[in-house]
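Below are the chains, spelled out letter by letter.
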Amino acid sequence: LASKSVRVLVPLCGKSVDLVYLAKHDAVSEVVGVDGIQKAIDIFMDENPDLYNKDEVLAQSSGTQNQFAKYEGKNIAMLKGDFFDLDQDAVDGSLFDVVWDRASMVAIKPEKRE
């Protein structure tokens, strides 16, 4: 992580402390966490008020009927929705440089992992 232009995706992030660490890292320009549980996102924002203004905007995920609720803060965004419906439109059309995954795959049913 050498430059300030690194974008990081954190799938099934919950309220992970990794999000705070990454958002405050000098080399990271943006962290995008995705989770389907609103309570986890609310708890994370309550525990990290310095990162969020709590304004909610909707990001439409094309190719699906689903929308993601998007919460933006300082170097961080949280998307509430089904991770498997995520596409480039839901993340402003940009690609990620890093996927940070610490055990989210074990929460996914084996048949959905393929």
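Quick look at the structure, then. (Residues numbered from 1 in each chain as written. Predicted model: local features only at pLDDT ≥ 70, side-chain atom pairs only at ≥ 80, totals over all residues. Heavy atoms only, no water.)

Focus: the overall build of the protein chain
Summing up its helical and strand segments, the protein chain has two helices and six strands in all. If you list the helices and strands of the protein chain from N to C, you get β-α-β-α-β-β-β-β. When the 114 residues of the protein chain are sorted by exposure, 40% land in the buried category. The long-range fraction of contacts in the protein chain, counting pairs at least 24 apart against all pairs at least 6 apart in sequence, stands at 57%. Carbon together with sulfur atoms contributes 52% to the accessible area of the protein chain, which is approximately 6600 Å² in total. (Helix = DSSP H or I, 4+ residues; strand = E, 2+ residues; numbered from the N terminus. Buried < 20%, exposed > 50% of the residue type's maximum accessible area, 1.4 Å probe, protein only. Contact = heavy atoms within 4.5 Å. Areas by Shrake-Rupley, 256 points an atom, 1.4 Å probe, with all protein chains shown as cover.)

Things to note about the pairing of strand E5 (residues 76-80)
Burial analysis of E5 places four of its five residues in the buried class, which makes it a mostly covered element. Sheet topology note: the strand E2 (residues 28-35)/E5 ladder contains five bridges and is parallel. In the sheet register, Gly-33 faces E5, and the bridge partner there is Met-78. Bridge count for strand E4 (residues 67-73) against E5 is four bridges, and the pairing is antiparallel. In the strand pairing of E5, Lys-70 is matched with Leu-79. The antiparallel hairpin formed by E4 and E5 contains two residues in its connecting segment, where Asn-75 sits at a positive phi of about 60°. (Pairing = 2+ DSSP bridges.)

Examining the environment of Asp-97
Summarising the element assignment, Asp-97 is placed in the loop between E5 and strand E6 (98-99). Its relative accessible area of 52% is what places Asp-97 among the exposed residues. The spacing of Asp-97 and Leu-9 is 88 residues in sequence and 8.1 Å in space, taken between C-alpha atoms.

Things to note about unusual backbone geometry
Here the phi dihedral of Leu-12 falls at roughly 45°; this positive angle occurs in a residue that is not glycine. Along the chain, Leu-12 falls in the loop between strand E1 (6-11) and helix H1 (17-23). Although it is not a glycine, Asn-75 sits at a positive phi angle of roughly 60°. As for its placement among the helices and strands, Asn-75 is situated in the loop between E4 and E5.

Regarding the packing of aromatic side chains
Under the criterion given, the structure shown has one aromatic pair. With a centroid separation of 5.7 Å and 70° between ring planes, the pair formed by Phe-83 and Phe-84 is classed as edge-to-face. Overall, Phe-84 belongs to the partly exposed group, its relative accessible area being 42%. (Phe/Tyr/Trp six-rings, centres within 6.5 Å; stacked < 30°, edge-to-face > 60°.)

Digging into the environment of Asp-82
For Asp-82, the location among the structural elements is in the loop between E5 and E6. Along the sequence, Asp-82 and Phe-68 sit 14 residues apart, while their C-alpha atoms lie 8.0 Å from each other. One polar contact links the side chain of Asp-82 to the main-chain amide nitrogen of Phe-84, over a distance of 2.9 Å. (Polar contact = N/O pair within 3.5 Å; in protein donor to acceptor, adjacent residues only side chain to side chain.)

Shape descriptors only; they carry no functional weight alone.
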